[in-house]
Amino acid sequence: MTELIYFTSKTCGVCKVLKPKLLEAVQETFPKVDIRLVDVEEEAAFTGQSMVFTLPVVIIKVDDKEMYRFARSFSVYEVLEKLKRLRTLSS
């Protein structure tokens, strides 16, 4: 199972711009990927356990193992490329 975890907060300007674009692209291109949105203020314990210290952060996990992490400055394209690579590896 592939999971994309998106760490965000209500005060993160970059998150507000990136989140809808990224989520739409992932859902459209990889409909089987589970997406979890994490508000760092509401889920502080999970955020700390995940070693998230900046925003936005996207973590891609396969079978609960972290495969890729994107932090602060990244593009939708970069995330989609890594998901594409994982799909190719699992085929």
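Everything discussed here concerns the structure shown above.
The following refers to the structure shown.

About the criteria used
- Residues numbered from 1 in each chain as written.
- Predicted model: local features only at pLDDT ≥ 70, side-chain atom pairs only at ≥ 80, totals over all residues.
- Heavy atoms only, no water.
- Buried < 20%, exposed > 50% of the residue type's maximum accessible area, 1.4 Å probe, protein only.
- Helix = DSSP H or I, 4+ residues; strand = E, 2+ residues; numbered from the N terminus.
- Pairing = 2+ DSSP bridges.
- Disulfide = S-S within 2.5 Å.
- Salt bridge = Lys/Arg side-chain N within 4 Å of Asp/Glu carboxyl O.
- Phe/Tyr/Trp six-rings, centres within 6.5 Å; stacked < 30°, edge-to-face > 60°.

### With respect to the pairing of strand β3 (residues 57–62)
Right, on to step 1. Across the 6 residues that make up β3, a large majority, 5, are buried.
Right, on to step 2. Strand direction decides the pairing type here: strand β1 (residues 2–8) and β3, joined by 6 bridges, are antiparallel. By the bridge assignment, Phe7 is partnered in β3 with Val57.
Right, on to step 3. Counting the residues in the hairpin turn of β3 and strand β4 (residues 65–71) gives 2 residues, including Asp63, whose phi is positive at 50°.

### Thoughts on the state of the cysteines
Right, on to step 1. If you walk through the whole model with that rule in mind, you get 1 disulfide.
Right, on to step 2. What pairs with Cys12 in a disulfide is Cys15, and their sulfur atoms sit 2.2 Å apart. Here Cys12 and Cys15 share a disulfide; its torsion about the S-S bond, 80°, makes the bridge right-handed.

### Quick notes on the pattern of salt bridges
Right, on to step 1. Here the structure, examined in full by the defined rule, presents 5 salt bridges.
Right, on to step 2. Between Glu43 and Arg36 there is a salt bridge, with the nearest N and O atoms lying 2.6 Å from each other.
Right, on to step 3. You can call Arg36 partly exposed: its relative accessible area is 28%.
Right, on to step 4. Of the charged contacts, one joins Glu66 and Arg69 as a salt bridge, the two residues approaching to 2.9 Å between their closest N and O atoms.
Right, on to step 5. With relative accessibility at 33%, the residue Arg69 sits in the partly exposed group.
Right, on to step 6. Among the ionic contacts, a cluster of salt bridges with common partners joins Lys10, Asp39 and Glu42.

### Quick word on the packing of aromatic side chains
Right, on to step 1. In the structure shown here, the tally under the stated rule is 2 aromatic pairs.
Right, on to step 2. Consider the rings of Phe70 and Phe74, whose centres lie 5.7 Å apart with planes at 45°: the pair is tilted. As far as burial versus exposure is concerned, Phe70 and Phe74 are alike and both buried.

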